[in-house]
Amino acid sequence: MATGPHTSEFKNPVVRWIDARLPVFTLMQKEYGTFPTPRNFNYFWNFGALAMVTLVIMIATGIFLSMHYTPHVHYAFDSVERIMRDVNYGWLLRYVHMNGASMFFIVVFIHIWRGLYYGSYKAPRELLWMLGVVIFLLMMATAFMGYVLPWGQMSFWGATVITNLFSAIPLIGPDIVVWLWGGFSVDNPTLNRFFSLHYLLPFVIVGVVFLHIAALHVTGSNNPLGIDPKGPQDTIPFHPYYTIKDSVGLVVYFMVFAVLVFFMPNYLGHPDNYIPANPLVTPPHIVPEWYFLPFYAILRAVPDKLGGVVLMFASIGVLFVLPWLDTSPVRSMRFRPVARIFLLLWTVSFFVLMWVGAKPAEGIYITIARLATAYYFLYFLVILPLLGRLERPLPLPESIALPVLRGGGPLPAGAMSKPMEKA
Amino acid sequence: MAVFRTTLKAAALLAGLLSAGPALAAGPTVPLPDVRFSFDGIFGTYDRAAAQRGFQVYKETCAACHAMRQLSYRNLREIGLSEAEVRAIAATVMVMDGPNDEGQMFERPARPSDRFRSPFPNEQAARAANNGAYPPDLSVITKAREGGARYIYALLTGYTDPPEGVELMEGMYYNAYFPGHQIAMAPPLNEGQIEFHDGTQATVEQMARDLTTFLAWAAEPELEQRKRMGVRVLIFLTILGGLTYAVKRRVWSDLH
Amino acid sequence: MAETMAQHGSRPPQEGETRRDFLKLVTGAFAAVGVGVMAWPFIHSMNPARDVLALASTEVDLSPIPVGAAVTVVWRGKPVFVRHRTQEEIQVARAVPLSQLPDPQPDQQRVIRDPWLVLIGICTHLGCVPLGQKPTDPRGDYGGWFCPCHGSHYDTSGRIRRGPAPANLEVPEYTFTSDTQIRIG
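For clarity, every value in this text was computed on a predicted model and none was experimentally measured. (Residues numbered from 1 in each chain as written. Chains lettered and ligands numbered in written order. Predicted model: local features only at pLDDT ≥ 70, side-chain atom pairs only at ≥ 80, totals over all residues. Heavy atoms only, no water.)

Caption draft 1: Molecular detail of the packing of aromatic side chains. All names here are of chain A. Summed over the entire model, instances satisfying the criterion amount to 57 aromatic pairs over all chains. Ring geometry for phenylalanine 105 against phenylalanine 136: centres 6.2 Å apart, planes inclined by 70°, an arrangement best described as edge-to-face. Of the two residues, phenylalanine 105 is situated in helix H5 (residues 90-118) and phenylalanine 136 in helix H6 (residues 126-148); the sequence distance between them amounts to 31 residues. Taken individually, phenylalanine 105 and phenylalanine 136 each receive the classification buried, so the pair is uniform in this respect. Ring centres of tryptophan 346 and tyrosine 376 lie 5.5 Å apart, and the angle between their planes is 40°; on these two criteria the pair is classed as tilted. (Phe/Tyr/Trp six-rings, centres within 6.5 Å; stacked < 30°, edge-to-face > 60°. Helix = DSSP H or I, 4+ residues; strand = E, 2+ residues; numbered from the N terminus. Buried < 20%, exposed > 50% of the residue type's maximum accessible area, 1.4 Å probe, protein only.)

Caption draft 2: Seen up close, helix H3 (residues 83-91) of chain B. Residues and elements named next belong to chain B. Listed in full, the buried residues belonging to H3 are Val86, Ile89 and Ala90. With its buried residues spanning 95° around the axis, H3 presents them on a single face. Packed against the buried residues of H3 are helix H2 (48-60). (Arc of directions from axis to C-beta. Contact = heavy atoms within 4.5 Å.)

Caption draft 3: The sheet that holds strand E6 (residues 152-155) of chain C, seen in detail. Residue and element names in this part refer to chain C. The three strands lie next to each other as E5-E6-E7, forming an open sheet whose pairing is antiparallel. Taken across any chain shown, the strands that pair with only one partner, and hence form the sheet edges, are strand E5 (143-147) and strand E7 (160-162). Strand-to-strand, the axes of this sheet are offset by a mean angle of 35°, without reference to chain direction. Across two bridges, the pairing between E6 and E7 is antiparallel. In the strand pairing of E7, histidine 153 is matched with arginine 162. (Pairing = 2+ DSSP bridges. Axes fitted to C-alpha atoms, helices over the stretch in contact; angles between N-to-C directions.)

Caption draft 4: Expanded view of the state of the cysteines. Residue and element names in this part refer to chain C. For the structure on display, the rule yields one disulfide over all chains. The partner cysteine of cysteine 128 in its disulfide is cysteine 149, sulfur to sulfur 2.1 Å. Handedness of the cysteine 128-cysteine 149 disulfide follows from its S-S torsion of about -105°: it is left-handed. In this pair, cysteine 128 sits in the loop between strand E4 (116-120) and E5 while cysteine 149 sits in the loop between E5 and E6, placing the two residues 21 residues apart along the sequence. Free of any disulfide, cysteine 123 has its nearest neighbouring cysteine sulfur in cysteine 147, separated by 3.8 Å. (Disulfide = S-S within 2.5 Å.)

Caption draft 5: Focus on a nonpolar patch on the surface. Residue and element names in this part refer to chain A. Together, Val14, Trp17, Ile18, Leu22, Val24 and Phe25 make up a nonpolar patch on the protein surface, roughly 550 Å² of accessible area in all. Sorting the residues of the nonpolar patch by element identifies helix H1 (13-21) and helix H2 (24-33) as the ones contributing at least two each. The leading source of residues in the nonpolar patch is H1, at three residues. (Patch = residues over 30% accessible without salt bridge, like charges linked within 9 Å, V, L, I, M, F, W, Y side chains within 5 Å. Areas by Shrake-Rupley, 256 points an atom, 1.4 Å probe, with all protein chains shown as cover. Salt bridge = Lys/Arg side-chain N within 4 Å of Asp/Glu carboxyl O.)

Caption draft 6: The arrangement of the pattern of salt bridges in detail. What the rule picks out here adds up to 32 salt bridges over all chains. The closest approach of N and O atoms between arginine 85 of chain A and glutamate 81 of chain A, which form a salt bridge, is 2.8 Å. With arginine 85 of chain A and glutamate 81 of chain A both in helix H4 (residues 76-85) and four residues apart, this pair spans about one turn of that helix. Its relative accessible area of 2% is what places glutamate 81 of chain A among the buried residues. In this structure, glutamate 83 of chain B and arginine 87 of chain B form a salt bridge, with 3.6 Å as the shortest nitrogen-oxygen distance. A residue pair is termed a helical-turn pair when its members lie 3 or 4 positions apart in one helix, as glutamate 83 of chain B and arginine 87 of chain B do in helix H3 at four residues. The partly exposed category is assigned to arginine 87 of chain B, whose relative accessible area is 42%. Each of Lys122, Asp326, Arg336 and Glu391 of chain A takes part in one network of salt bridges that share partners.

Caption draft 7: A look at the packing of helix H10 (residues 238-263) of chain A against helix H7 (residues 223-253) of chain B. Axis separation between H10 of chain A and H7 of chain B bottoms out at 9 Å; the angle between their running directions is 165°. The angle between the axes of H10 of chain A and H7 of chain B places the two elements in the roughly antiparallel class. In this structure, H10 of chain A meets H7 of chain B at a crossing whose hand is left-handed. Looking at the contact of H10 of chain A with H7 of chain B residue by residue, the class counts come to 23 nonpolar, five polar and four charged. (Parallel < 35°, antiparallel > 145°, perpendicular 65-115°, else oblique. Left-handed = near helix turned anticlockwise from the far one by under 90°. Nonpolar A, V, L, I, M, F, W, Y, C, P; charged D, E, K, R; others polar.)

Structure below.
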């Protein structure tokens with residue numbers, strides 16, 4: 001490490017003074033200004049930034065909601081209704097927070113799928129990917145505990161069912177469940193600790209997101225071609241090219257978000273959660289929030305209690321070892337015609353699981369859930385390892401710059417410096 | 001063109017996720033009647049006169065069994081009642097207050113800031129008085145039932161004689177839209193049972209529509225402000241989106 | 001999008017430059033306005049909610065308060081002193097020349113109807129509740145109230161006479177709804 005003040009390149013004297021002592025401006029400039037980024041991102045590469053923005057929105061609305069929320073079984077439901085009715089713009093904060101959870105999962109699902117399609121989990125980005133899976137798990141825990149807080153029927157019974165998953169653990173399972181509850185059923189102690197953890201976990205997520213981005217900035221971003229940049233002609237500075245491209249995606253994203261919040265705020269929720277929790281009456285159809293449905297379907301597909309729980313956790317756990325299951329050296333599915341078909345089938349199986357997770361666990365639905373579950377695991381555990389050996393990938397392009405220029409048609413020399421005009 | 005393809009794919013993904021919504025819950029078995037309300041659609045607002053009539057129906061009919069504990073009398077200002085009218089309505093109800101200086105609870109006429117008085121002190125009392133059935137709180141009822149306002153309207157107008165072969169249990173009534181069709185609530189609305197202040201004919205359909213409007217307002221008092229704000233936000237975002245996209249094209253133009 | 005862009009002809013760079021700058025400026029300003037407007041719901045959510053504002057009035061029955069005694073009622077979460085003053089206390093309060101008062105205000109302006117004095121029972125120094133309501137309480141050197149936190153003395157009109165408090169005890173907005181009843185707020 002160099003001693004003495006950092007030599008800053010900034011002109012503004014205040015910025016320069018701070019930067020010489022704490023080079024945050026240099027850091028930002030390096031990581032988000034001039035950071036060399038592959039020039040060929042498509043709009044799928046927006047979703048990391050969108051997830052980041054959503055996390056900030058969730059934390060901001062959450063902090064303001066918590067100023068009015070009361071984590072007590074007698075007051076929780078009423079305090080939420082008070083937020084909706086009496087607190088100034090309370091309805092807006094709550095609906096943004098509530099639908100923000102759904103938006104967060106939509107964004108993260110697409111972000112993960114982007115990684116699957118373009119092989120972003122492969123060397124050297126294995127750790128980056130695994131940190132992402134950790135974030136996903138933390139998100140699920142946070143979302144689950146957040147859903148309990150309004151203390152409606154679905155809150156209560158969702159909490160009961162999910163905490164009871166742990167009773168499947170041999171020997172110590174029942175003790176763990178009592179420990180989670182802080183009592184002999186889901187009750188006030190449970191609500192209190194869930195509120196506490198629901199407030200805490202997002203900040204843990206922020207920490208892991210920081211590591212996720214730090215790891216990203218070591219390896220650099222993957223890109224739709226899945227080949228490494230070979231030189232400066234293959235990269236562009238992050239700013240302004242990707243800051244503005246992310247901004248375009250962000251505005252479109254906000255429009256979808258706004259339609260949900262302002263015109264169909266309860267569309268993704270369940271009406272039963274507007275019935276105050278009643279520990280004596282289980283609603284006829286209990287379903288988790290839509291983003292848990294695929295995993296819920298896997299749980300129900302197995303006739304054995306422990307087996308179902310194990311398989312459900314394994315459906316996410318398998319993502320941790322994915323970098324070693326996929327043995328193909330080619331990252332992007334663009335050049336893997338066979339694997340691409342199997343991945344699209346996997347995507348279908350994911351949606352089928354989501355659909356069947358909301359259906360009653362009986363008859364044909366169980367068979368469908370089992371088939372989809374089987375394929376979900378088959379893809380990761382058998383198909384990918386085999387395809388790495390058997391598949392013949394298409395020839396990879398020479399470099400990133402070449403196909404972009406080729407796709408853009410013949411350009412006159414020096415066109416790089418001339419701004420193009422759109423009519 | 002790759003960008004277009006991927007964008008389309010993203011849109012398809014989103015659409016898929018959104019369409020998973022209605023699949024979440026098994027809806028009522030009978031299709032609901034296709035009624036329209038003043039508060040439907042992105043510019044919808046509550047018909048104030050209907051909501052006021054609906055409040056009258058609630059007060060004279062439903063309030064005997066159903067609480068609306070999330071509402072205060074002051075909220076009635078929002079459906080167009082004057083300060084004096086709200087005061088007068090509140091003053092006709094006695095609410096519990098206290099303890100006073102002697103440590104006793106006492107009853108006093110309600111003020112606008114008081115919550116709607118519940119007909120029963122607790123769920124047990126409500127069940128005891130209603131043959132074991134619990135008349136649910138109506139504060140958020142249109143949000144708490146699959147089908148929302150449309151379902152409430154259907155339920156209120158859906159009482160019929162049981163079809164051939166259906167044996168009703170003691171004290172139950174047949175309703176085409178209630179899950180299981182056997183409901184403990186007697187038909188609450190009967191032709192002409194209310195004399196509306198504004199002279200509207202009190203048919204069952206009219207009362208059901210007015211009551212539903214009132215209940216929808218009670219459940220979502222923020223609806224008008226929300227939709228108004230939503231329209232503005234979307235207009236703003238459309239313009240901002242156009243501008244941002246134009247900047248993006250310009251920034252990227254020197255790369256191509 | 002690469003293709004579509006390449007098909008358009010280029011213009012002189014200078015014009016493009018200025019138009020780009022202007023476009024960027026407008027877009028940036030637009031986005032900044034949007035962010036600014038969205039900050040308001042967050043800020044406003046911390047202001048008193050509608051149910052809080054609705055509880056802004058309290059009614060007090062004056063008939064059980066004997067001469068010389070005082071009661072404390074709660075209004076907006078704050079103590080309000082209602083004192084049934086004696087004739088002597090009223091005379092003392094009115095006899096003081098205004099020039100002797102740190103915060104000059106005639107007693108007549110501080111009451112609506114004799115003998116009732118209604119005050120917000122919060123010391124104008126740093127928000128403690130002064131003593132003097134109960135018969136056993138110290139009433140300070142001027143027979144009114146005494147704030148034990150930092151030693152402010154109030155007279156029988158609730159006016160500051162000595163100590164660090166800068167102003168008289170505040171008189172809340174109230175009205176007589178009958179001869180023996182007031183509504184505060």
